[in-house]
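Below, each chain spelled out in residue letters.
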Amino acid sequence: MSEDQDRCMGLAAPLLPEFYDIWHHAFGEYQKYPTEFTAEHDNTTMANCIRSHAWTEVVRRFDGRKGFNLLRLGRLNLLLCRDETVWRFKLVDGSGRHSNYQTEQQKNFDDQLPLPGLPSEAVRLTSGYQPDEAGHSIARVIVARPIGRQIEWASQVNIVDDVASWVDITPPRLPGTERVDFKRRK
Amino acid sequence: MPSAQFNPDMLRLARDAREVTQGDLATLSGVTQALVSKIENGIGNPSDEVAEKIAGALKFPPAFFMQEERAIGFPAFHFRKRVKLAKGTSGRINAVINIRRQHISKLLRSYELTPEKPIPQYDLDHLGLTPEKVAERLRGYWLLPRGPVENLVGLIERAGGIVILAKFGTDLLDAVSFRSEGMPPLFFMNRDMPGDRFRFTLAHELGHIVMHTVPGDDQKMEREADRFAAAFLMPASDIRPYLQTVKINALGRVKAYWKVSIKALIKRSFDLKLVTDNYYKVLNIQYNKTFDHGEPFEIPIEQPSTMGSIIKHHLEHLHYSIEDLAKLLCLYEEDVRLAYISAPKLRLVKG
């Protein structure tokens with residue numbers, strides 16, 4: 001566990017139960033779809049539907065709430081929290097990595113490049129969910145810190161008796177392969 | 001009770017149904033095994049006292065043994081089983097199904113089944129048909145719309161078949177089906193299996209009923225019934241668009257709509273040449289790893305209604321009491337309740 005992870009998860013702590021609920025709500029909404037439609041969905045379509053439900057729920061919960069701003073930069077939907085953290089919502093794998101096609105703005109976001117309306121000091125984080133291997137339910141809710149195409153760290157969010165906690169699930173790296181510098185994309 | 005009417009066949013059925021050996025019966029009833037053996041082989045008739053002792057030991061009313069019924073045997077292909085069943089278990093199931101068949105026969109004397117389009121029979125060799133073609137013809141004959149079969153039990157019942165959910169007391173046997181003279185096709189289904197497997201098994205049995213009238217090569221007939229079931233539940237042209245990208249984490253959604261197991265979908269995608277040999281192996285490895293505790297997207301067991309209607313007809317329209325039904329079926333009232341009235345605990349006979 002890094003200092004950065006500890007600090008960021010501290011900032012994220014009040015939001016974790018809500019994000020957890022948001023993903024489960026979104027997944028549950030998708031499960032209400034008639035099977036004749038979902039049978040025709042590929043995994044990307046399913047992920048898009050769930051993310052769309054999740055974002056709607058984010059707007060429902062945070063729009064107008066003091067200290068929060070909803071930003072829409074092109075196709076990038078972001079939740080800014082007290083200028084401390086800025087969140088995107090994605091399907092991720094067990095490492096906290098998202099893998100779908102990225103727009104230029106999304107790449108810039110991950111590469112920590114300046115974006116209009118985004119305070120430079122706000123830590124860019126991903127709130128994600130990982131479905132189980134059958135795509136039947138949510139295996140875990142994850143917070144990840146992407147930098148470029150790398151994942152700096154990832155945390156699994158657990159809720160027990162309405163209390164959120166997290167555990168480090170950052171995949172171990174071989175010695176010497178740690179990200180030591182951020183290389184600007186050409 | 002007149003000893004002359006004692007039916008040795010019914011004694012064998014009762015003993016098999018209770019999984020009681022001749023020796024056990026002798027101990028339980030207090031008569032000698034020699035006498036039990038002789039009675040079963042039709043050598044001499046039991047006295048009233050002995051008949052009642054035997055009836056008591058086997059927990060059937062004495063009238064059960066006085067029925068002029070005949071036990072029938074079932075060719076191996078009528079059983080959809082996973083491995084060889086123990087002799088005692090298969091004997092019990094065989095006996096219980098025989099008893100149930102006798103009940104249905106009696107109940108149908110006062111109840112008219114009116115099938116819309118009876119289950120047809122196709123001779124593969126004579127007509128030069130494949131199981132896939134038979135499945136296509138049957139879907140056409142029953143005017144099924146494209147896509148999944150919504151309710152297979154309902155379909156078979158509308159065609160005059162009777163589906164009976166039963167507790168076989170083993171998960172080694174999935175179903176038994178047969179046509180018997182003067183009777184509608186009967187499908188005895190093990191209720192202790194997942195709904196998707198239940199549907200495939202029932203379609204498999206339907207394949208036997210439709211295609212196989214005389215015993216032949218068991219393995220060949222099993223393969224034909226499987227091919228029929230796959231084609232009937234997942235017609236090639238209808239299922240193909242859903243299997244364009246076969247991924248283990250996407251097949252659950254296809255399962256939920258088509259109501260067939262993920263395993264069956266993987267096999268179907270291979271049979272339709274939608275995946276390579278190697279990828280088929282990979283899928284099976286992934287399947288075994290992912291679903292070692294069972295598949296998600298549970299499909300409920302389809303509930304038959306014909307037997308319920310027949311019993312309801314006797315109780316409500318013909319004003320039978322449970323006691324009357326017990327007399328008709330030669331069972332104790334408690335067994336009638338267990339087998340036919342309290343559906344959630346439906347059993348073949350009290351075990």
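Residues numbered from 1 in each chain as written. Chains lettered and ligands numbered in written order. Predicted model: local features only at pLDDT ≥ 70, side-chain atom pairs only at ≥ 80, totals over all residues. Heavy atoms only, no water.

Right, let's talk about the packing of aromatic side chains for a bit. For any pair of aromatic rings, geometry is given as the distance between the ring centres together with the angle between the planes. Per the stated rule, a full pass over the model turns up 21 aromatic pairs over all chains. On the basis of an interplanar angle of 45° and a centroid distance of 4.8 Å, the ring pair of A:Phe62 and A:Phe68 is categorised as tilted. On the accessibility criterion, A:Phe68 (8% relative accessible area) is buried. Plain terms: the ring middles of B:Tyr242 and B:Trp258 are 5.5 Å apart, the flat faces sit at 75° to each other, and that makes the pair edge-to-face. One end of the pair, B:Tyr242, is in the loop between helix 11 (236-239) and helix 12 (251-258); the other, B:Trp258, is in helix 12, and 16 residues separate them in sequence. By the burial criterion, B:Tyr242 is buried, and B:Trp258 matches it. (Phe/Tyr/Trp six-rings, centres within 6.5 Å; stacked < 30°, edge-to-face > 60°. Buried < 20%, exposed > 50% of the residue type's maximum accessible area, 1.4 Å probe, protein only. Helix = DSSP H or I, 4+ residues; strand = E, 2+ residues; numbered from the N terminus.)

Mapped onto the elements of the fold, B:Gly140 is located in helix 7 (residues 131-141). With 82 residues separating them in the primary sequence, B:Gly140 and B:Glu222 have C-alpha atoms 23 Å apart.

Time to look at the pattern of salt bridges. It is possible for side chains bearing opposite charge to pair when their charged atoms get close. Residue and element names in this part refer to chain A. A full pass over the atoms with the stated rule returns 25 salt bridges over all chains. For Arg88, the salt bridge goes to Asp110, with nearest N and O atoms at 3.0 Å. Placement of the pair is Arg88 in strand 3 (residues 85-91) and Asp110 in helix 5 (residues 104-110), with a sequence separation of 22 residues. Exposure remark for Arg88: the relative accessible area of 1% places this residue in the buried category. Judged by relative accessible area, Asp110 falls into the buried class, the value being 2%. (Salt bridge = Lys/Arg side-chain N within 4 Å of Asp/Glu carboxyl O.)

Only a minority of non-glycine residues have a phi that is not negative, and only a minority of peptide bonds are not trans. Residues and elements named next belong to chain A. Despite not being glycine, Asp83 has its phi angle at roughly 55°, a positive value. Structurally, Asp83 is set in the loop between strand 2 (76-81) and strand 3. Positive phi, close to 65°, is recorded for Asp162, a residue that is not glycine. Structurally, the position occupied by Asp162 is in the loop between strand 6 (150-160) and strand 7 (163-168). The class for Asp162 is exposed, based on a relative accessible area of 72%.

What follows concerns the interface of chain A and chain B. Many structure descriptions define interface size as the accessible area lost when the parts assemble. Contact with chain A, which involves 14 residues of that partner, is made by 14 residues of chain B. A buried area of about 1200 Å², summed over both sides, lies between chain A and chain B, and 54% of it is on carbon and sulfur atoms. For chain A, the biggest contributors to the area lost against chain B are A:Asn43, A:Glu133 and A:Ala134; these three give 42% of the whole. Taken together, the links from chain A to chain B amount to one salt bridge. In this structure, A:Glu133 engages B:Lys289 in a salt bridge whose closest nitrogen and oxygen atoms are separated by 3.3 Å. Here the element with the most residues in the side of chain A that touches chain B is helix 3 (residues 35-38) of chain A; it accounts for three residues. (Contact = heavy atoms within 4.5 Å. Buried area = accessible area lost by both parts, 1.4 Å probe.)

Attention now moves to empty space enclosed by the protein. All names here are of chain A. This structure, assessed with the given rule, holds one cavity of 30 Å³ or more. In this structure, the largest cavity occupies an estimated 30 Å³ of space. Forming the boundary of the largest cavity are Arg97, His98, Asp110, Pro146, Gly148, Arg149, Gln150 and Ile151. Residue composition of the lining of the largest cavity, grouped by class: two nonpolar, three polar and three charged. (1 Å grid on protein atoms, 1.4 Å probe; cavity = no way out; pocket = protein on both sides within 12 Å on 5 of 7 lines; lining within 4 Å. Points joined across faces, edges and corners; volume = space filled by probe spheres on them. Nonpolar A, V, L, I, M, F, W, Y, C, P; charged D, E, K, R; others polar.)

Turning our eyes to something else, we now look at the pairing of strand 5 (residues 138-147) of chain A. Residues and elements named next belong to chain A. With eight of its ten residues buried, strand 5 lies for the most part within the structure. Judged from the six bridges that link them, strand 4 (residues 123-131) and strand 5 form a sheet pairing that is antiparallel. Paired with Gly128 across the strands is Ile142, a residue of strand 5. Where strand 4 hands over to strand 5, the hairpin turn is made up of six residues, of which Gly135 adopts a positive phi near 70°. By the bridge criterion, seven bridges tie strand 5 to strand 6 in an arrangement that is antiparallel. Paired with Ala144 across the strands is Ala154, a residue of strand 6. Counting the residues between successive antiparallel strands, the hairpin from strand 5 to strand 6 contains two residues, one of them, Gly148, with a positive phi of roughly 65°. (Pairing = 2+ DSSP bridges.)

Bringing the domain arrangement of chain B into the picture now. All names here are of chain B. By the assigned domains, chain B splits into domain 1 (8-66), domain 2 (76-233) and domain 3 (236-290). The gap between the C-alpha centroids of domain 2 and domain 3 is 25 Å. Considering only the surface of domain 2 that becomes buried against domain 3, Arg146, Pro148 and Asp196 emerge as the three largest contributors, covering 46% of it. Our enumeration of links across domain 2 and domain 3 arrives at three salt bridges. (Domains from an automatic or database assignment.)

Our next topic: the nonpolar core. Within soluble globular proteins, side chains that are nonpolar tend to cluster in buried spots. All names here are of chain B. Formed by 57 residues in total, the largest nonpolar core has its most connected members in Ile119, Leu152, Leu202, Leu206, Phe232, Leu233 and Met234. Per element, the largest residue contribution to this core is eight residues, and it comes from helix 9 (residues 195-211). Here this core gathers at least three residues from each of two domains, domain 2 (76-233) and domain 3 (236-290). Residues in contact with Leu206, not counting those within four places in the same chain, are Ile119, Leu138, Trp142, Ile156, Phe187, Phe228 and Phe232. Core analysis: the next-biggest nonpolar cluster, separate from the first, contains 54 residues, Ala95, Leu108, Val176 and Phe188 among them. (Core = buried A, V, L, I, M, F, W, Y, C linked by side-chain atoms within 4.5 Å.)

Given 3.6 residues per turn, any residue in an α-helix points the same way as the ones three and four places further on. Residues and elements named next belong to chain B. Buried within helix 16 (residues 322-329) we find Ile322, Leu325, Ala326, Leu328 and Leu329. Buried residues in helix 16, looked at end-on, bunch into an arc of 160°, giving them a common side. Where helix 16 is buried, its residues meet helix 5 (87-107), helix 15 (306-317) and helix 17 (333-341). (Arc of directions from axis to C-beta.)

Residue and element names in this part refer to chain A. Sheet architecture is open: seven strands sit in the order 1-2-3-4-5-6-7, paired in mixed fashion. Unpaired on one side and paired on the other, strand 1 (68-73) and strand 7 mark the two borders of the sheet. Taking the axes of each pair of neighbouring strands and ignoring which way they run, one obtains an average angle of 30° across the sheet. Relative to strand 3, strand 2 is paired through three bridges, and the arrangement is antiparallel. Bridge pairing in strand 3 places Leu80 opposite Val86. The strands touched by helix 2 (residues 16-31) within the sheet are strand 2, strand 3, strand 4, strand 5, strand 6 and strand 7, with strand 5 carrying the most contacts at an inclination of about 120°. Taken strand by strand, helix 4 (residues 43-62) contacts strand 1, strand 2, strand 3 and strand 4, and its axis lies near 140° from that of strand 1. (Axes fitted to C-alpha atoms, helices over the stretch in contact; angles between N-to-C directions.)

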